[in-house]
Amino acid sequence: MSDYHSFTTDDAMRFADEHSDWFGEHSRLSCEKLGEDSLNLVFRVSNDKGRSLIVKQALPYAYCVGESWPLTIDRARIEAEVLLKHGKLCPELTVEVLHYDVTQAAILTEDLKEYRMLRDELVAAKQFPQLAEQLASYLANTLYYTSDFALTGPNKKQQVGRFLNADMCLITEDLSFTDPYCNHERNNITPELRTAAQQLWHDDALQAEVAQLKADFLSKPQALLHGNLHSSSIFINDDNCKVIAAGFGFYGPMGFDIGNVLASLLLNYIGHTGLTEDVGHRQQHQQFLLEQISALWHQFDSSFKQLMAQECREPMLQNTAYQQRFISQIFADALGYAGCELIRRVVGMAHVADLEQISNKTLRTECEHKALKLGRQLIMQRRELANIEQVLTMLSYLE
Ligand code: SR1
């Protein structure tokens with residue numbers, strides 16, 4: 001790490017200028033530091049003709065916490081390489097990486113100025129009819145083409161080694177699968193939720209299932225995951241969406257990425273009971289979310305099955321009964337990981353705007369209880385739930 005130093009705005013400007021021809025000659029550049037990432041430094045470099053790029057630099061610690069939480073800067077290489085790999089598989093749905101520098105742990109990407117963060121848009125009850133189709137395509141392609149269905153055994157193992165990402169995985173292992181189930185100092189629990197949180201700490205049946213999901217997260221390298229695919233890692237406009245921020249990428253269980261997307265939509269559905277007062281408006285937005293949740297799974301399921309049927313490289317994995325069993329397992333895993341995400345966003349360290357922005361405290365607490373209840377049901381019943389419609393029915397019974 002000898003030549004590494006954290007960037008000033010001047011460094012970021014130089015980095016962007018040296019490693020792209022985006023600005024052309026004789027541009028006057030300016031740079032602003034953005035505060036949109038909890039772990040990294042992020043800069044926007046612009047020229048006087050309105051063109052801009054993003055420079056993201058990993059610090060040797062978590063930006064939002066400080067030096068007491070050290071992290072390897074190798075996560076920038078992993079992030080860049082995940083985005084480049086996913087970008088090859090889904091160019092239109094992945095932010096474009098123009099350059100990355102291992103020594104400076106810095107990445108230069110396109111600036112998604114025409115896009116907004118999906119979480120903010122969903123909190124504002126904006127609707128995007130193509131969302132499920134786009135995300136299902138991203139998930140099916142990135143997960144299939146980085147798995148054993150598509151790669152040779154030796155190549156796959158080499159890839160697993162390139163993307164071990166121990167520090168970032170440990171954050172998820174702790175924040176998603178351990179802290180919410182014990183009285184951990186990192187947890188962020190409102191007084192109104194204290195009793196419900198304490199129930200989680202003593203819920204042996206639930207903890208046995210979370211242990212299974214955590215064990216799979218630790219030891220099931222099925223595909224190269226994004227690793228943090230919630231609605232703050234997705235940028236969107238009326239035509240398209242793009243996935244950003246793959247710093248948590250690693251080879252893990254496919255259901256984890258799918259579950260995180262489902263959880264973002266479910267949290268938004270639950271949150272709107274408190275966010276949107278007008279009943280008609282709320283129901284209309286929630287109906288949109290139900291349709292997207294259903295379409296997301298159905299389209300993923302059909303694309304992934306088609307890929308397995310038509311492109312599977314490995315003879316033994318071409319067995320149709322095996323493929324059917326595989327997709328059922330992915331569905332159950334996705335529901336389990338969605339459940340863990342719902343729970344950790346209520347009682348764990350990192351909360352979400354979908355619930356935090358509910359100004360009426362009573363309503364917010366009600367919504368948080370619903371998220372905990374649904375999270376538990378998804379984890380406990382994930383193997384019995386036969387299809388996504390049963391999940392939607394479960395959601396309607398939360399009221
Ligand atoms: C210290 S990082 C907290 C959370 O933010 C990220 O987006 C991940 O979801 C992580 O768990």
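Residues numbered from 1 in each chain as written. Predicted model: local features only at pLDDT ≥ 70, side-chain atom pairs only at ≥ 80, totals over all residues. Heavy atoms only, no water.

(A) Fine view of the overall build of the chain. Assigned secondary structure in the chain consists of 14 helices and twelve strands. Relative to the globule expectation of 21 Å for 399 residues, the C-alpha radius of gyration of the chain, 21 Å, shows essentially globular dimensions. Along the first, second and third principal axes, the C-alpha atoms of the chain reach 60 × 55 × 40 Å. Across the chain, every contact between residues at least 6 apart in sequence was considered, and the portion connecting residues at least 24 apart equals 73%. Roughly 17,100 Å² of accessible area belongs to the chain as shown, and the carbon and sulfur atoms make up 49% of that amount. (Helix = DSSP H or I, 4+ residues; strand = E, 2+ residues; numbered from the N terminus. Rg over C-alpha atoms; globule rule 2.2 N^0.38 Å. Contact = heavy atoms within 4.5 Å. Areas by Shrake-Rupley, 256 points an atom, 1.4 Å probe, with all protein chains shown as cover.)

(B) Here's a closer look at the packing of aromatic side chains. Applying the stated criterion to the full structure yields 19 aromatic pairs. Aromatic pair Tyr-144 and Tyr-145: ring centres 5.1 Å apart, planes at 85°, arrangement edge-to-face. Judged by relative accessible area, which is 0%, Tyr-144 ranks as buried. Taking relative accessible area as the criterion, Tyr-145 reaches 24% and is therefore assigned partly exposed. Ring geometry for Tyr-144 versus Phe-149: centroids 5.8 Å apart, planes at 15°, classification stacked. Each of the two residues, Tyr-144 as well as Phe-149, counts as buried. Through successive ring pairs, a cluster of aromatic residues spans Tyr-144, Tyr-145, Phe-149, Trp-297, Phe-300, Phe-304, Tyr-322, Phe-326 and Phe-331. Over the ring of Trp-22 we find Arg-51, and its NZ or CZ is 3.6 Å from the ring centre. (Phe/Tyr/Trp six-rings, centres within 6.5 Å; stacked < 30°, edge-to-face > 60°. Buried < 20%, exposed > 50% of the residue type's maximum accessible area, 1.4 Å probe, protein only. Lys NZ or Arg CZ within 6 Å of the ring centre and 35° of its normal.)

(C) View of unusual backbone geometry. Unusually for a residue other than glycine, Ala-105 sits at a positive phi of about 50°. Owing to a relative accessible area of 1%, Ala-105 belongs among the buried residues under this scheme. The phi torsion at Ala-245 lies on the positive side, around 55°, for a residue other than glycine. Locating Ala-245 in the fold gives a position in the loop between β11 (241-243) and β12 (250-252). Residue classification places Ala-245 among the buried residues on the basis of a relative accessible area of 19%.

(D) Local environment of helix α11 (residues 320-347). In this model α11 runs 41 Å from its N-terminal to its C-terminal C-alpha over 28 residues, within 8% of the 40 Å that 1.5 Å per residue would give. The N-capping residue of α11, defined by a side-chain oxygen 3.0 Å from the backbone nitrogen of Ala-321, is Asn-319. (Expected span 1.5 Å × (residues − 1). Polar contact = N/O pair within 3.5 Å; in protein donor to acceptor, adjacent residues only side chain to side chain.)

(E) Representation of the domain arrangement of the chain in the model. Once the domains are mapped, the chain shows domain 1 (9-110) and domain 2 (116-396). The C-alpha centroid of domain 2 is placed 26 Å from the C-alpha centroid of domain 1. With 25 residues of domain 1 at the interface, the matching set in domain 2 holds 31 residues. For the pairing of domain 1 and domain 2, the buried interface totals around 2,300 Å² over both sides, and the portion due to carbon and sulfur atoms is 67%. Among the residues domain 1 hides against domain 2, the three largest losses belong to Trp-69, His-86 and Leu-93. Together they make up 26% of the total. Applying the counting rule to domain 1 against domain 2 returns two salt bridges. The residue Glu-110 makes a salt bridge to Lys-242 at a minimum N-O spacing of 3.1 Å. At the junction of domain 1 and domain 2, the tally comes to eleven residue pairs in polar contact (both at pLDDT 80 or more). When residues of the side of domain 1 that touches domain 2 are traced back to their parent elements, those giving at least two are β5 (66-70) and α2 (75-89). No other element matches α2, which puts ten residues into the side of domain 1 that touches domain 2. When grouped by side-chain class, the residues that make up the side of domain 1 that touches domain 2 number 13 nonpolar, three polar and nine charged. (Domains from an automatic or database assignment. Buried area = accessible area lost by both parts, 1.4 Å probe. Salt bridge = Lys/Arg side-chain N within 4 Å of Asp/Glu carboxyl O. Nonpolar A, V, L, I, M, F, W, Y, C, P; charged D, E, K, R; others polar.)

(F) Quick look at the nonpolar core. Ranked by internal contacts, the top residues of the largest apolar core, which has 88 residues, are Phe-300, Phe-304 and Leu-378. When sequence neighbours within four positions are dropped, the list of residues in contact with Phe-304 reads Ala-140, Leu-143, Tyr-144, Phe-149, Met-254, Phe-326 and Ile-327. Phe-15, Ile-73, Leu-83 and Leu-112 belong to the second-largest nonpolar core, a separate cluster that totals 38 residues. (Core = buried A, V, L, I, M, F, W, Y, C linked by side-chain atoms within 4.5 Å.)

(G) Summary view of the side chain of Asn-187. Considering the arrangement of structural elements, one finds Asn-187 in the loop between α6 (166-177) and α7 (194-201). Taking relative accessible area as the criterion, Asn-187 reaches 13% and is therefore assigned buried. Engagement of the side chain of Asn-187 in a polar contact is seen with the backbone oxygen of Cys-182, the distance being 3.0 Å. When neighbours within four sequence positions are excluded, Asn-187 is seen to be in contact with Asp-179, Pro-180, Cys-182, Trp-201, Val-347, Gly-348 and Met-349.

(H) Fine view of the site of the ligand. Around the ligand sit Trp-69, Leu-175, Asn-228, His-230, Phe-248, Arg-344, Arg-345, Met-349 and Ala-350, and those are all the residues in its vicinity. Take His-230: an N or O atom from its side chain is 3.2 Å from an oxygen atom of the ligand. Contacts to the ligand include Arg-345, whose side-chain N or O atom sits 3.4 Å from an oxygen atom. Considered on its own, the ligand offers 320 Å² of accessible surface; in the complex 91% of this is hidden by protein. Tallied by class, residues from the shell around the ligand come to five nonpolar, two polar and two charged. (Near = heavy atom within 4 Å.)

(I) Geometry of the sheet that holds β11. Taken together, three strands build an open sheet; the order of strands is β8-β10-β11 and the sheet is antiparallel. Every other strand in the sheet has two partners, leaving β8 (116-117) and β11 as the edge strands with one partner each. Sheet topology places β8 next to strand β10 (residues 234-236); two bridges connect them, and they run antiparallel. Across the sheet, residue Arg-116 finds its bridge partner in β10, namely Ile-236. (Pairing = 2+ DSSP bridges.)

(J) Main features of the sheet that holds strand β1 (residues 29-34). Here we have five strands laid out as an open sheet, ordered β1-β2-β3-β7-β6, and antiparallel in their pairing. Edge positions in the sheet fall to β1 and β6 (97-101), since each of these pairs with one other strand and no more. Each neighbouring strand pair of the sheet contributes to a mean axis angle of 20°, computed without reference to strand direction. Sheet contacts for helix α1 (residues 9-18): β1, β2 (40-47), β3 (52-58), β6 and β7 (106-110); angle to β1, the most-contacted strand, approximately 120°. Each of β2, β3, β6 and β7 is contacted by α2, which is oriented at about 155° to β6, the strand it contacts most. (Axes fitted to C-alpha atoms, helices over the stretch in contact; angles between N-to-C directions.)

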